[in-house]
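Take a look at the letters that make up each chain.
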Amino acid sequence: MSEPASISSGIAERYATAVFEIAKETKTLSDLEGGLDDLSSALADSADLRDLITSPVYTREVQGKAIAGIADKMGLQVILKNTLSLMAEKRRLFVLPQLVVQLRAMIAEEKGEVTADVVSAKALTKTQSEKLSKTLTARVGKDVIINATVDESLIGGLVVKVGSKMIDTSIASKLSSLQNAMKEVG
């Protein structure tokens, strides 16, 4: 990991830990989770919001007022709203995407869940997704939440990542292995 990325991750982790501990103490983790979903959607959908949190052109005051207005309009939990305001004041809003990721990971761990990143050549049906989730739950021993994406270059099959483990059953991977084996023979 590059130095700036590790610094951002460290900053996000400290804020996330503080928010998580307060939400856990006040028994508002489910409200926090809902707010994170809304915030994540807003970050994904709004180029203006991404620009606001990353651009050095905006002053602390402008960032603070804008993020407070966004938090109010979204109906975010008080702890999350206050944290965003503090981050704006300290010029730390650029770590907001990492903060969301960190908080989601902490909440999932608290709930005994783990996320599996699944890449497939075609979109998984609901039945396929549920069956895969049950299979992974049996193998991992925790509830598994599927984070599915599509990559047509896989041709067929799946690439599943759970924690540090990866299972690659894609046809593209098998063709690549076959190609390497053929090179060794010739």
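Our structure's up above, just so we're on the same page.
The rules behind each value
Here the residue numbers are simple positions, counted from 1 along each chain's written sequence. Two thresholds apply to this predicted model, a pLDDT of at least 70 for residue-level local features and 80 or more for giving and counting side-chain atom pairs, whereas whole-chain, interface and lining totals are computed over all residues. Computation of side-chain values: all heavy atoms of the structure, hydrogens and water removed. Strands here are runs of E lasting at least two residues and helices are runs of H or I lasting at least four, both read from the DSSP assignment and numbered beginning at the N terminus. For a compact globule the rule gives 2.2 Å times the number of residues to the power 0.38, and the radius of gyration it is set against comes from C-alpha atoms. To sort residues, take the accessible area from a 1.4 Å probe on protein chains only and compare it with the maximum for the residue type: under 20% means buried, over 50% means exposed, and anything in between is partly exposed. Where accessible areas are quoted, they stem from the Shrake-Rupley method and a 1.4 Å probe; at the residue level, only the protein chains shown are allowed to cover. Counting rule for charge: Lys and Arg are taken as positive, Asp and Glu as negative, and neither His nor the chain ends is counted. Charged side chains are reduced to one point each, which is NZ for Lys, CZ for Arg, CG for Asp and CD for Glu. When DSSP finds at least two bridges between two strands, those strands are taken to pair. Assignment of crossover handedness uses the view with strands pointing away from the viewer, where a clockwise path from the first strand over the helix to the second indicates a right-handed crossover. Exposure above 30% relative accessible area and the absence of a salt bridge qualify a residue for a patch, where like charges join within 9 Å and nonpolar side chains (Val, Leu, Ile, Met, Phe, Trp, Tyr) within 5 Å. Definition used for salt bridges: Asp or Glu carboxyl oxygen within 4 Å of a side-chain nitrogen of Lys or Arg. Comment: axis = line fitted to C-alpha atoms, over the contacting stretch for helices; angle = value between 0 and 180 degrees taken between N-to-C directions. It only takes one pair of heavy atoms within 4.5 Å for two residues to be counted as in contact.

Here we look at the overall build of the chain
Alright, step 1. For the chain, the helix and strand inventory stands at 8 helices and 4 strands.
Alright, step 2. Ordered by position from the N terminus, the helices and strands of the chain form the series α-α-α-α-α-α-β-α-β-β-β-α.
Alright, step 3. For a compact globule of 186 residues, the expected C-alpha radius of gyration is about 16 Å, and the chain comes in at 20 Å, more than 25% above that figure.
Alright, step 4. Principal axes of the C-alpha set define a box for the chain whose edges measure 65 × 35 × 30 Å.
Alright, step 5. The 186 residues of the chain split such that 33% are buried.
Alright, step 6. Accessible area for the chain stands at about 11600 Å²; split by element, carbon and sulfur atoms hold 54% of it.
Alright, step 7. Where the 23 positive side-chain charges of the chain centre and where its 24 negative ones centre are 2 Å apart.

So, the pairing of strand E2 (residues 143-150)
Alright, step 1. Judged from the 8 bridges that link them, strand E1 (residues 113-120) and E2 form a sheet pairing that is parallel. When the bridges of E2 are listed, Val 118 appears paired with Ala 148.
Alright, step 2. In this fold, the crossover linking E1 to E2 by way of helix H7 (residues 126-140) has right-handed handedness.

Quick notes on a positive patch on the surface
Alright, step 1. On the surface, Arg 14, Arg 60, Lys 90 and Arg 92 cluster together into a positively charged patch.
Alright, step 2. Within the fold, Arg 92 resides in the loop between helix H5 (78-89) and helix H6 (96-111).
Alright, step 3. In this structure Arg 92 comes out as partly exposed when scored by relative accessible area, which is 33%.

Some words on the sheet that holds strand E3 (residues 158-162)
Alright, step 1. Spatial ordering of the open sheet is given by E2-E1-E3-E4, a layout of 4 strands whose pairing is mixed. Of all the strands in the sheet, just E2 and strand E4 (165-168) have a single pairing partner and so form its edges. With direction set aside, neighbouring strand axes in the sheet form an average angle of 20°.
Alright, step 2. Across the sheet, H7 touches E1, E2, E3 and E4, and the angle it forms with E2 is around 135°.

Section: the pattern of salt bridges
Alright, step 1. In the structure shown here, the tally under the stated rule is 5 salt bridges.
Alright, step 2. Arg 104 is paired through a salt bridge with Asp 37; the nearest N and O atoms lie 2.8 Å apart. With Arg 104 in helix H6 and Asp 37 in helix H2 (residues 29-45), the pair connects residues that are 67 residues apart, well separated along the chain.
Alright, step 3. Residue Arg 104 is classed as partly exposed on the basis of its relative accessible area, which comes to 35%.
Alright, step 4. One salt-bridge network, held together by shared partners, links Glu 33, Lys 111 and Glu 113.

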